[in-house]
Every structure is written in structure tokens, then in C-alpha cells.
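Each chain is listed here by its residues.
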Amino acid sequence: MLATQQPVLRRFWYAIMRIEQLESGPQPFTLLGEPIVLFLDAKGEPAALEDRCCHRTARLSKGWCRNGNIVCGYHGWEYDRAGKLVMIPQFPFEQPIPDASARAFRAKTRYGYVWVALDEPLRDIPNIPEDSDPAYRRIFQFYDTWNTAALRLMENSFDNAHFAFVHKNTFGDIDQPRPEKYEIVETDYGFEAETIVTVKNPPIAAKISGTTEPYTKRHMRNKWFMPFCRRLDMEYPSGIRHIIFNCATPIGDGKIQVVQLLFRNDTEADCSAQELIGWDAAIIAEDREILESTDPDAIVDMGRKIEKHMPSDRPGMLMRKRLLDLLHEHDEEEVPKSMVMDDGGLEWSHRAV
Ligand code: FES
Ligand code: CO
């Protein structure tokens, strides 16, 4: 599936950037191939507009903020948070401002991030109860751009067959290639998948898992929120909960912004945020290396039979089915790569495919 080619995907919220990033002025981002600019209004709330001035098309993100409006850096035309043109500094004051605007998008803050939906959202932002639970701390783990498709990262997040190989140098055991099966329950927002997995627990991971045993178990309660968010609640026998929430925000078809938050029911004294970031960074780097080698066009219409499958691919197959159903519910068909005339958003097209 080429995310930029399916309009229904514009109807979901995506985590874009930390709200603090806007304190220094407007910031550009490309969401589903659409260049947008984010800035803070007079109340400190995030606003999102198309990143294009209606005068001579300059990127508004090259400008600055003034009293909660955004000023184009080219000739100073000024827009409010709804995108309405409110000021043309060259005009004499008696002359009315033409009725013009930059397209505005929905933006709001949740979990310390600005989220944007390009078209009317079908669902709210996924709920993370631990964010408001005093027993948990929130750690901003990762914010990185990867050259892969959002669906590839989602599928990988539910793929127990890759641990022994991709993660052989961290928690995976190459001598135990047989994956544990997930119990899957479909929900309105996606599905929940539960399993218990035995993993290596090297000395460096002792504080992560709360045990010094060479192996430990992870009770994994993994949730997929259509289309590109997931929450993985890992409970160790020590009672430690390591809850990862990530969003694979699609920049283009072969490019994503990986946002990862971590919630833990221990304290900085038990295991520092830096240690937690360091441990998960090694793991996620292993995933990134292999995912960036895959074809970003993960086919959701299995009738096209382009990839082969095995039983542990079941969560990913279910994602593909649900996404195909979503397309059909909104009168869309999957647009195959061969039908895309230019390489809009196909950042990977320089590679042999
Ligand atoms: Fe923006 Fe002229 S291009 S004010
Ligand atoms: Co992995």
C-alpha cells in the first residue's frame, strides 16, 4: 500500500513533533506527501496550515510568528491559525484585505506531541491510560526519520519470528527460532494480541527487566490502532511494566517519522531514562536496519500474491485485511505502484526494486 495514494489515511491523527519544538517558531513537516507548517497561536495552542503562501507560494515555514499569527518571510503577508489572510503590510490601511487563505488542518496536543489530521478524523488519538497515572513516568524515547513504509513498521511490531534473527545481539536467541503464537482479538480500532515470550536477559538488561537471570519472560499485550499506531505493554515477572507507544507517521510512501514514547512503573533511581533509551535504541536500530531494506509497497490486497507468508505473519495479514476493508468502506481501491505516474513520496525509488 502506498500511503500517499489512499485518501482515507488522511482521516486519522498522526503524531508530528514535540510541542516544545514550536517554541522557537514555525516548523515544517510533510504528512502523507502534504507539506504543512506548524506554529503556536496566541494561546500557545498548535496550528497547522498548508506550507504555501497564497501570494507567491513561498513556504510559510520560512517565516515567523507574530501575536499568534504566522508571517510569510517573503513579503510579510500574515495568516491567523485558521489560515485566513489577516494582513498585507504593503497595503495602505484603508484598503480591504482580499478574502484569501491558506488551507488549515486540525491540530492538537496529546502526550507532549502535536498531532495533526489532514481531513475529518474517523477516530480519536489512541488512549494511553498510563499517561495520567501517577504510578508511571513518561519518557520521550525516539524521534527519527526512517526510509521505510509505515505498514512495515506496524507489521514488524507484531512479528515474533524476527526476534531470533534481527535481535540476536540484544534479546533474541538464534537457537530458538520458533515464534510464540499470539492470541488475537479484533476490536473496532484494530486488534489486541497477547503472548508470553522468553527472551535473553543480558547483564545490561538487568535493570530494564528487574532480574539478573540469563533469560526472562515477557508477557506481551500488544495493541494495533489503525492505521499506524501501536502500544506494547511488556510485563516482566519482576512486576516491571515497560509500555512502548509508537506512531509510524507517514511522511511519504517510503519515509516515516518514528515517534516512540515509553511508560514505566518504576523510578529514575531504579533505572535511568538514559539507560532505558540506550537499551531500546540498540533494539530499534536493529529493526531499522532490516526494515529500510524492504520494499515500502506492502501489498494489502493479498489477491495480488506478491509476497509469500508463514503462520507468524498472521497479525500483519490481519492488518492488511483490515486496511483493505477500510479502503473499500471508503470506496477506494489499493493503488498499485505501477499506477503511480511520478515518484511522489517514493523516497526509495533510487534503489533497485
Ligand atoms: Fe508570501 Fe509574498 S510569497 S508574502
Ligand atoms: Co524488532
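Here the residue numbering is sequential within each chain, running from 1 through the sequence in written order. Chain letters start at A and ligand numbers start at 1, both assigned in the order the entries are written. Confidence filtering applies because this is a predicted model: local features only for residues at pLDDT of at least 70, side-chain atom pairs given and counted only at 80 or more, and all residues used for totals across whole chains, interfaces and linings. By convention in this description, side-chain values take in all heavy atoms of the structure and omit both hydrogens and water.

Just to check I follow, could you spell out the overall build of the protein for this structure?
Along the backbone of the protein there are five helices and 17 strands. In terms of overall size, the protein behaves like a compact globule, its C-alpha atoms giving a radius of gyration of 22 Å where 353 residues would be expected to give roughly 20 Å. C-alpha extents for the protein along the principal axes are approximately 75 × 50 × 35 Å. In the protein, which comprises 353 residues, the share counted as buried stands at 52%. Here, residues are in contact when the closest pair of their heavy atoms is within 4.5 Å. By sequence separation, contacts in the protein at least 24 residues apart represent 59% of the contacts at least 6 residues apart. In this text, helices come from DSSP runs of H or I with a minimum length of four residues, and strands from runs of E with a minimum of two, each type numbered from the N-terminal end. With the radius of gyration taken over C-alpha atoms, the globule rule is written as 2.2 Å times the number of residues to the power 0.38. Classification of residues uses two cut-offs on accessible area relative to the type maximum, computed with a 1.4 Å probe and protein chains only: under 20% is buried, over 50% is exposed, and between them is partly exposed.

Where do I start with the nonpolar core in this structure?
Proteins that are soluble and globular tend to have nonpolar side chains buried together. Core analysis: the biggest nonpolar cluster contains 70 residues, and Leu9, Leu31, Leu38, Val116 and Phe228 have the highest contact counts within it. The biggest single contributor to this core is helix 4 (residues 273–291), with seven residues. By nonpolar core we mean a set of buried residues, namely Ala, Val, Leu, Ile, Met, Phe, Trp, Tyr and Cys, connected to one another through side-chain atoms within 4.5 Å. Membership of the second largest hydrophobic core comes to 18 residues, among which are Cys247, Val259, Leu261 and Phe263.

What's the story with the coordination of the cobalt ion (ligand 2) in this structure? I'm lost.
Coordination partners: N, O, S within 2.8 Å of the metal, 3.2 Å for Na, K and Ca; water not considered, so apparent gaps in a site are possible. Around the cobalt ion (ligand 2), the donor atoms from the protein are His162 (NE2), His167 (NE2), Asp287 (OD) and Asp287 (OD), and they sit 2.0 to 2.6 Å away. Under this scheme a four-donor centre is tetrahedral when all angles range from 85 to 135 degrees, a four-donor centre is square planar and a six-donor centre octahedral when opposite donors are above 155 degrees with the rest from 65 to 115, and any other centre is irregular. Taken together, the four donor atoms coordinating the cobalt ion (ligand 2) span angles of 55 to 152° at the metal, a pattern that classifies the geometry as irregular. Summarised as a motif, the one-chain spacing of the donors to the cobalt ion (ligand 2) is H-x4-H-x119-D. Accessibility expressed as a relative area gives 9% for His162, which makes it buried.

When you look at the sheet that holds strand 9 (residues 104–110) in this model, what are you seeing that I'm missing?
A strand pair is defined by DSSP finding two or more bridges across the two strands. Taken together, the six strands give an open sheet; going across it, the order is 1-10-9-4-3-2, and neighbouring strands pair in antiparallel fashion. At either margin of the open sheet sits one strand with a lone partner, and together these are strand 1 (14–18) and strand 2 (27–31). With strand direction ignored, the average angle separating the axes of adjacent strands in the sheet is 35°. As defined by bridge partners, strand 9 adjoins strand 10 (residues 113–117) across five bridges and the pair is classed as antiparallel. Pairing of Arg106 across the sheet is with Ala117, part of strand 10. Angles run from 0 to 180 degrees between N-to-C directions of axes, and those axes are lines fitted to C-alpha atoms, restricted for helices to the stretch in contact.

Looking at this structure, how should I read empty space enclosed by the protein?
Rolled over the atoms, a probe as big as a water molecule pinpoints where empty space is left. Put simply, the grid is 1 Å and covers the protein atoms alone, a cavity is a trapped set of points that fit a 1.4 Å probe, a pocket is an open set with protein on both sides within 12 Å along at least five of seven lines, and lining residues have an atom within 4 Å of a point. Grid points are joined across faces, edges and corners, and a volume is the space filled by probe spheres set on the points. Going through the model one piece at a time under the given rule, you end up with three cavities of 30 Å³ or more. Roughly 310 Å³ of internal volume is contained in the largest cavity. Here the lining of the largest cavity takes five residues from helix 4, the largest share from any one element. Each residue belonging to the lining of the largest cavity can be placed in one class, and the counts come to 12 nonpolar, six polar and four charged. Residue classes follow a fixed rule: Ala, Val, Leu, Ile, Met, Phe, Trp, Tyr, Cys and Pro count as nonpolar, while Asp, Glu, Lys and Arg count as charged, and any other residue, Gly among them, counts as polar.

Help me out: how do you make sense of unusual backbone geometry in this one?
A negative phi holds for most residues other than glycine; trans holds for most peptide bonds. Residue Pro227 is reached from Met226 by a cis peptide bond, and omega for that bond is -5°. If you trace the backbone, Pro227 turns up in the loop between strand 14 (215–225) and strand 15 (229–235). A positive phi angle, close to 70°, is found at Thr57, a residue other than glycine. With respect to the helices and strands, the residue Thr57 is situated in the loop between strand 4 (46–50) and strand 5 (64–66). Note on Thr57: relative accessible area 41%, which makes it partly exposed. We note that Asp331 has phi near 55°; this positive angle belongs to a residue other than glycine. Within the element layout of this structure, Asp331 appears in the segment after helix 5 (314–329).

Hey, could you run me through the pairing of strand 16 (residues 241–252) in this one?
The two faces of the sheet receive side chains in turn, since in a regular strand these alternate between them. Summarising burial for strand 16: 11 of the 12 residues are buried, a large majority. Both strand 15 and strand 16 contribute to a ladder of seven bridges, which runs antiparallel. Following the sheet pairing, Arg230 is matched in strand 16 by Asn246. Linking strand 15 to strand 16, which pair antiparallel, is a turn of five residues; within it Gly239 sits at a positive phi near 95°. Two elements, strand 16 and strand 17 (residues 255–264), share 10 bridges in a ladder whose sense is antiparallel. Paired with Ile244 across the two strands is Leu262, which belongs to strand 17.

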